[in-house]
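# Survey of secondary and tertiary structure
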Amino acid sequence: MLFSSIVFLYYFLPILMIVYFLSPKRFKNMILLLASLFFYFYGEPKYVILMVLSSFSGYCHGLWIDKAKGSRFSKLPLISSIVITIGLLMFFKYTDFFIKNVNWIFKLDLSPLNLVLPIGISFYSFQILSYTIDVYRGDAKVQRNFFDFTTYVTLFPQLIAGPIVRYTTVEEEMSHRNHSIGDMAYGINRFIIGLSKKIILANSLGELGNIFTKINEKTILFYWIVALSFMLQIYFDFSGYSDMAIGLGRMFGFHFLENFDYPFLSKSITEFWRRWHISLGTWFRDYVYIPMGGNRVSKGKWIRNVLVVWFLTGFWHGAEWNFIYWGLYFAILLVMEKYFIKGILERLPVFISHIYTIFFLLISFVLFNGDGLKGTMENLKGMFGFLNIPFNNHVTMYYLKSYGILIIIAMIGSTSLVKGFIEKIVGNKKGERLISILEPIFHIIMLLLNTAYLVDGSFNPFLYFRF
Amino acid sequence: MKNMKNIIIILCFMMITLGGMLSSIILPDESLSFSERRRLEEFPKITMASIVKGEFFNQLEAYSLDHFVFRDDFRSIKAYGVFHLFRQKDNHGFYLVDNTIIKMEYPLNEDSIHHAAKKLNEIGKRYLQGKKVYYGIIPDKNYFLADKYERLSMDYERMIEIMRQRVENMNYINLFETLTLDDYYKTDIHWRQEAILDTADRLLEAMGNSYQVSDIPYERNELYPFLGSYYGQVGLKVKPDTLIYLTAPYMKDALVFDYETMTKSKIYETEKFAGMDSYDVYLSGAKALITVTNPESNTDKELILFRDSFGSSIAPLLLGAYSKITLVDLRYISTDLLGEYIDFSKDQDVLFLYNTHILNQSYMLK
């Protein structure tokens, strides 16, 4: 089920809220579990069993790891958990990728399995791994209640597109969480903001990308506009989903960590990855990069660590070469920044650092969005004038004018300008009163506008569902 | 103050979401959307197979969208958001100028135009040897406004150029000069019958017929409100049109025969005005093959009109000049079947009359 759907917004959510808040405390987790299973079943009926089995595996491995602590074979249950969880992820997500490449390398004709990717498998697999690794390390207590553990894994707000909520983040709240009017209102506001980012901004910018693929009269300028709009689209799509997840979590008493922190304000690629998809970045940092030695190793090993982590980050995003190139592209940039560019950037005016960062991010998202390497190269050639096309024409101007305001709103919205402005107003009493009146009105108007966009049935897929 | 604000937000959110849900459940379902001219989704049948395959939930999504309370009003809000808040130039390819809804047909599909020319040539060679054959192209509304309002449009000159180069042994009748934007409905794709008397004259004159449509004292009959096919698609609330159909004494006993249903009807079927497509008032709307006979005609001359829906409203005007008009809609009947139903051996003018939308999507011509 999509958050950005009438069924979720006007049926699933209000019914769940009523049932949840009218139920005694001891039933609340069970209600969330059943609701989450239904939420998943609604969009992916067949794979709900796979998800429950994965949870069961994580639960049993947690118990086994806890039992084996201090023994000679304490690592065995952890290795078993990693092999099973990663094995399932590899099988469902990457089998066809490997078959395709084996066919290509060895000139074979093996048939692909054509498996449908189970929605959210990349996210819930990483959550299960974070749990078993943390139990092994002693950072998390073992969960002895299977239903509570499955509730954590399948919790619908973050189930299918993150953020990757670690068990330690919600460990306490699984058994003791408070519900307050403040949290509920915050959650609703945050959910509506996320919904607006997704439906009004990301989907509209996505329409521009779709239009671009269909027109024949492409120009260099249009290639750049689409690259910019895709970068903004994926930001609003994914950060919108994270906002909705965080908001929904808060409504039901959970405090998920932030997943984005105005990434386009970054002055370097290194900083960007501290602000973008934070839950994934920290996951790889804590469970792959640091165990490999992090940066406390020789230069050569550090470069190896960076390459491995970013290869995995790219590959996690999708079973296509362009995602691997995308990850390695960042690895190269991060190495370059550490040894060459960082010193130069520090001496230059800040706006040049921003331009440098945005330029390389634009290119990265062209890689990310490319339909294979050929498609990516085509787009890059278009952007840099190697396709023998004009710089501009009336078609480009039409769409620039038509989507100009949306792009400007999206650009401003991707910065902290609005937040800073509101904080400035709230700084005095009059301003605080004004915001107190305007805030609910704004959110209700946005809810109705989002409903209008939904009812009109426009373009609506979540980009991060494919991961 | 802060607590009050929070309570207001929660109450409003719950009222809107619960209200939306309850209203959608309680209010009776409509089966048709007249503004969008389509059948609305029905509540899906619940079967184990449809649930396991996910079909049930997909259909439920479509159903929930189709039957959401105040659906048309929400679609209007979205359209206002697109046009006025985000200042976008079109909504689903439609734009609005002075209460007139225009579809932005773009770009020109040259392959489709070549295909249309090929289709005309095929019919010409198979059935129309030795006859005088004519063709006319009806511009869409975007032709008149695109440049002025900086919208995208197909390359009309190129379309005509291809047709004139490719179509063999047929005479082109230029209608781009006779038509203006005022000749079309504001909420619909079609031209207004009462505004195309001069166009009918232009066609007849080009075909060598001295009959003057504009000399006939037609009686105007009004039907209101006419919400055209664009009305529901643009999403905005605009003033409805008035559908006017013209009657004259020669139409009184004229008979329409539908070869598909083997039934007879009148030229104007006013009860169709309340149906899904009000333009069906003219000759009962889209039909594969019909004939209209004029018992009061002073001539034996006939017209074979290959047409789209625009032909339905101009045919009654042209009927005064002929004893019979055969209307062929190639979207619904194959070229191969024409010889079985139409006697091409008579004294006939032949006219292909298509609007630019059809030519740009001509693969629908069978």
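Residues numbered from 1 in each chain as written. Chains lettered and ligands numbered in written order. Predicted model: local features only at pLDDT ≥ 70, side-chain atom pairs only at ≥ 80, totals over all residues. Heavy atoms only, no water.

## A closer look at the overall build of chain A
- Scanning chain A for helices and strands turns up 19 helices and zero strands.
- In terms of overall dimensions, chain A is globule-like: its C-alpha atoms have a radius of gyration of 23 Å, near the 23 Å expected for 467 residues.
- Along the longest, intermediate and shortest principal axes, the C-alpha atoms of chain A span 65 × 65 × 50 Å.
- Looking at chain A as a whole, 57% of its 467 residues qualify as buried.
- For chain A, restricting intrachain contacts to residue pairs at least 6 apart in sequence, the fraction spanning at least 24 positions comes to 77%.
- Total accessible area computed for chain A in this model is approximately 20,300 Å², and 67% of it derives from carbon and sulfur atoms.
- Taken together, the 42 basic and 28 acidic charged side chains of chain A have centroids lying 5 Å from each other. (Helix = DSSP H or I, 4+ residues; strand = E, 2+ residues; numbered from the N terminus. Rg over C-alpha atoms; globule rule 2.2 N^0.38 Å. Buried < 20%, exposed > 50% of the residue type's maximum accessible area, 1.4 Å probe, protein only. Contact = heavy atoms within 4.5 Å. Areas by Shrake-Rupley, 256 points an atom, 1.4 Å probe, with all protein chains shown as cover. Lys, Arg positive; Asp, Glu negative; His and termini not counted. Charge placed at Lys NZ, Arg CZ, Asp CG, Glu CD.)

## Some words on the sheet that holds strand S9 (residues 255-258) of chain B
Residues and elements named next belong to chain B.
- Spatial strand order, S6-S5-S14-S12-S13-S11-S9-S10: eight strands in an open sheet with mixed pairing. The open sheet has two edge strands with one neighbour each: strand S6 (171-173) and strand S10 (263-265). When the angles between neighbouring strand axes are averaged without regard to direction, this sheet yields 20 degrees.
- Here S9 pairs with strand S11 (residues 289-293) via four bridges, running antiparallel. Bridge pairing links Leu 255 to Thr 293 in S11.
- Contacting strand S5 (133-138) and S6, helix H7 (residues 156-166) crosses the sheet at an angle of about 170 degrees to S5.
- Against the sheet, helix H8 (residues 197-206) contacts S5, S6 and strand S14 (348-355), and its axis sits at roughly 160 degrees relative to S6. (Pairing = 2+ DSSP bridges. Axes fitted to C-alpha atoms, helices over the stretch in contact; angles between N-to-C directions.)

## Description of the packing of helix H12 (residues 278-289) of chain A against helix H13 (residues 299-317) of chain A
All names here are of chain A.
- Closest axis-to-axis distance for the H12/H13 pair is 11 Å, and the angle between their directions is 130 degrees. It follows that H12 is oblique to H13 by the angle criterion. The two elements H12 and H13 cross, and the hand of that crossing is right-handed. Here Leu 280, Phe 284, Val 288 and Tyr 289 of H12 lie close against H13, whose contacting residues are Trp 302, Asn 305, Val 306, Val 309, Leu 312, Thr 313, Trp 316 and His 317.
- For the contact of H12 with H13, a count of residues per class yields nine nonpolar, three polar and no charged. (Parallel < 35°, antiparallel > 145°, perpendicular 65-115°, else oblique. Left-handed = near helix turned anticlockwise from the far one by under 90°. Nonpolar A, V, L, I, M, F, W, Y, C, P; charged D, E, K, R; others polar.)

## So, the interface of chain A and chain B
- Contact residues are listed per partner, giving 51 residues for chain A and 47 residues for chain B.
- Across the interface of chain A and chain B, roughly 4,700 Å² is buried in total on both sides, 75% from carbon and sulfur atoms.
- For the chain A face of the interface with chain B, the top three residues by lost area are Tyr 398, Val 455 and Asp 456 of chain A, together amounting to 15%.
- There are four salt bridges connecting chain A and chain B.
- Here Lys 401 of chain A makes a salt bridge to Glu 150 of chain B, at a shortest N to O gap of 3.3 Å.
- Those elements that place two or more of their residues in the side of chain A that touches chain B are helix H1 (6-22), helix H2 (25-43), helix H9 (181-214), helix H17 (394-413) and helix H19 (429-455) of chain A. (Buried area = accessible area lost by both parts, 1.4 Å probe. Salt bridge = Lys/Arg side-chain N within 4 Å of Asp/Glu carboxyl O.)

## Regarding the side chain of Lys 131 of chain B
All names here are of chain B.
- The topology assignment puts Lys 131 in the loop between helix H5 (110-127) and S5.
- Put simply, Lys 131 is tucked away with no salt bridge, and the nearest opposite charge, on Asp 347, sits 6.7 Å away.
- Excluding its chain neighbours within four sequence positions, the residues that come into contact with Lys 131 are Phe 344, Ser 345, Lys 346, Gln 348 and Val 350.

## Notes on H12 of chain A
Residue and element names in this part refer to chain A.
- Of all 12 residues making up H12, 10 are buried, and the element is well covered by its neighbours.
- Along H12, the positions that sit buried rather than exposed are Ile 278, Ser 279, Leu 280, Thr 282, Trp 283, Phe 284, Asp 286, Tyr 287, Val 288 and Tyr 289.
- Considering only its buried residues, H12 is in contact with helix H5 (121-137), helix H11 (269-275) and H13.

## Here's the deal with the pairing of strand S13 (residues 324-328) of chain B
Residues and elements named next belong to chain B.
- Most of S13 is tucked away, with five of its five residues classed as buried.
- Neither face of S13 is left uncovered, since the one carrying Lys 324, Thr 326 and Val 328 and the one carrying Ile 325 and Leu 327 both have all their residues buried.
- Here S11 runs beside S13; their pairing, made up of five bridges, is antiparallel. Residue pairing in the sheet places Thr 293 in a bridge with Lys 324 of S13.
- Across five bridges, the pairing between strand S12 (residues 302-307) and S13 is parallel.

## A few points about the side chain of Lys 93 of chain A
- Tracing the backbone shows Lys 93 of chain A in helix H4 (residues 75-106).
- Only 2.3 Å separates the side chain of Lys 93 of chain A from the backbone oxygen of Trp 316 of chain A, close enough to count as a polar contact. (Polar contact = N/O pair within 3.5 Å; in protein donor to acceptor, adjacent residues only side chain to side chain.)

## Comments concerning the nonpolar core
- The biggest cluster of nonpolar side chains holds 228 residues, and the ones touching the most others in it are Phe 8, Phe 156, Phe 191, Phe 252 and Phe 365 of chain A together with Trp 191 and Leu 243 of chain B.
- Residues contacting Phe 156 of chain A, with those up to four places away along its chain left out, are Phe 3, Phe 8, Phe 12, Leu 16, Leu 32, Ser 36, Phe 39, Leu 248 and Phe 252 of chain A.
- Judged by nonpolar contacts, the second largest core, of 37 residues, contains Ile 123, Met 159, Phe 344 and Ile 358 of chain B. (Core = buried A, V, L, I, M, F, W, Y, C linked by side-chain atoms within 4.5 Å.)

## Quick word on the domain arrangement of chain A
All names here are of chain A.
- Partitioning chain A into domains gives domain 1 (6-177) and domain 2 (183-466).
- Using C-alpha coordinates to define each centre, domain 1 is positioned 26 Å away from domain 2.
- Contacts between domain 1 and domain 2 engage 41 residues on the former and 41 residues on the latter.
- A buried area of about 3,700 Å², summed over both sides, lies between domain 1 and domain 2, and 71% of it is on carbon and sulfur atoms.
- Sorting the residues of domain 1 by area buried against domain 2 places Phe 97, Pro 163 and Arg 166 first, and these three jointly supply 16% of that buried surface.
- At the boundary of domain 1 and domain 2, one finds two salt bridges.
- For Glu 320, the salt bridge goes to Lys 100, with nearest N and O atoms at 3.7 Å.
- For the pair domain 1 and domain 2, the number of links is 14 residue pairs in polar contact (both at pLDDT 80 or more).
- Of the residues forming the side of domain 1 that touches domain 2, the biggest block, nine residues, is contributed by H1. (Domains from an automatic or database assignment.)

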